[in-house]
Amino acid sequence: MNELTDIEKSELAQFFKRLGFNSVYVYADSDTPENMKAQTYRILTAIGKLQNDLAAQGYDPR
């Protein structure tokens, strides 16, 4: 994440805070609702890791 500016990190932290299941689900590209749900949870898990990294650097808009 060192390639990002402070403003970019702050904006991403705000965006991730507002991102919910439905926002991700509508863009899932799997073939069945079950697979779309599984993909959505995988993406949200990855976003959670990014949120933790940002929070560790002081970008935690909670």
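Residues numbered from 1 in each chain as written. Predicted model: local features only at pLDDT ≥ 70, side-chain atom pairs only at ≥ 80, totals over all residues. Heavy atoms only, no water.

Undergrad: What should I look at first to understand the packing of aromatic side chains in this one?
TA: To describe a pair of aromatic rings, you give the distance between the ring centres and the angle between the ring planes. By the definition in use, this model includes three aromatic pairs. When the ring of Phe-21 is compared with that of Tyr-41, the centres are 5.1 Å apart and the planes differ by 45 degrees; the resulting orientation is tilted. Here the residue Phe-21 occupies a position in helix α2 (residues 21-25), and Tyr-41 occupies one in helix α3 (residues 33-56), the gap between them amounting to 20 residues. The rings of Phe-21, Tyr-25 and Tyr-41 are connected pair by pair, giving a single aromatic cluster. (Phe/Tyr/Trp six-rings, centres within 6.5 Å; stacked < 30°, edge-to-face > 60°. Helix = DSSP H or I, 4+ residues; strand = E, 2+ residues; numbered from the N terminus.)

Undergrad: Looking at this structure, I do not really get the nonpolar core. What am I missing?
TA: Side chains of a nonpolar character, in soluble globular proteins, are inclined to be buried together. Ranked by size, the top nonpolar core spans five residues in total: Ala-13, Phe-16, Ile-47, Leu-54 and Tyr-59. Counting only elements with at least two residues in this core, the list comes to α1 (6-18) and α3. Aside from chain neighbours lying at most four places away, what touches Ile-47 is Phe-16 and Leu-19. (Core = buried A, V, L, I, M, F, W, Y, C linked by side-chain atoms within 4.5 Å. Buried < 20%, exposed > 50% of the residue type's maximum accessible area, 1.4 Å probe, protein only. Contact = heavy atoms within 4.5 Å.)

Undergrad: What's the story with the environment of Ala-28 in this structure? I'm lost.
TA: Along the chain, Ala-28 falls in the loop between α2 and α3. Spatially, the C-alpha atom of Ala-28 lies 6.4 Å from that of Thr-40, the residues being twelve residues apart in sequence.

Undergrad: Is there a simple way to think about the packing of α1 against α3 in this case?
TA: Helix packing geometry: the angle between the two helix axes and the distance between the axes. Where α1 meets α3, the axes come as close as 10 Å, and the angle between the chain directions of the two elements is 135 degrees. Taken together, the axes of α1 and α3 lie oblique to each other. The way α1 lies across α3 gives a crossing that is left-handed. Residues Lys-9, Leu-12, Ala-13, Phe-16 and Lys-17 of α1 form the contact with α3, whose own contacting residues are Ile-47, Leu-50, Gln-51 and Leu-54. Split into classes, the residues belonging to the contact of α1 with α3 amount to six nonpolar, one polar and two charged. (Axes fitted to C-alpha atoms, helices over the stretch in contact; angles between N-to-C directions. Parallel < 35°, antiparallel > 145°, perpendicular 65-115°, else oblique. Left-handed = near helix turned anticlockwise from the far one by under 90°. Nonpolar A, V, L, I, M, F, W, Y, C, P; charged D, E, K, R; others polar.)

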